[in-house]
Amino acid sequence: MTQSTSPEVHPEARSVVGLSTKSADGTPVVRLKSRELMRQMREVEIDHEGRIYRLRITQLNKLILTA
């Protein structure tokens, strides 16, 4: 019998993370609130394996991710 483990969540993120649905392969999908992720800013930088991406809120209140 295998034991299932839940995804690890950083303690500071616990208040903004909710397990939502499951992906096509059955793994849990984490849902974040954009307001909490952006922390009242219009733009944040995300470092993904040494490459910097920018997540911005546009004038039309949409999200755009650029490298």
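It should be noted that the structure appears before, not after, this text.
Here goes a summary of the coordinates provided. (Residues numbered from 1 in each chain as written. Predicted model: local features only at pLDDT ≥ 70, side-chain atom pairs only at ≥ 80, totals over all residues. Heavy atoms only, no water.)

**Regarding the pairing of strand E5 (residues 63-66)**
Looking along a regular strand, one sees side chains alternate from face to face of the sheet. The condition that has to hold: Paired strands are those between which DSSP finds at least two bridges. Working definition: helices are DSSP H or I runs of at least four residues, strands are E runs of at least two. Numbering for both runs from the N terminus.
When strand E4 (residues 51-57) meets E5, the two strands line up antiparallel, connected through four bridges. The residue bridging Arg54 from the neighbouring strand is Thr66, located in E5. Once E4 ends, the chain turns through five residues before running back antiparallel as E5, passing Asn61 with a positive phi of about 65°.

**Quick look at a nonpolar patch on the surface**
Going by this rule: Patches in this entry comprise residues that are over 30% relatively accessible and not in a salt bridge; like charges within 9 Å are linked, as are nonpolar side chains (Val, Leu, Ile, Met, Phe, Trp, Tyr) within 5 Å. Only the protein chains shown count as cover for residues, and all accessible areas are computed by the Shrake-Rupley method using a 1.4 Å probe. Every case where a carboxyl oxygen of Asp or Glu lies within 4 Å of a side-chain nitrogen of Lys or Arg is listed as a salt bridge.
A contiguous nonpolar surface patch, about 240 Å² in accessible area, is contributed by Val30, Leu32 and Leu37. Counting through the fold element by element, Leu32 comes out in strand E2 (residues 28-32).

**Quick word on unusual backbone geometry**
If you check the backbone angles, Glu49 has positive phi at about 55° while not being a glycine. Within the fold, Glu49 resides in the loop between strand E3 (43-48) and E4. A positive phi angle, near 65°, is found at Asn61, a position not held by glycine. Structurally, Asn61 is set in the loop between E4 and E5.

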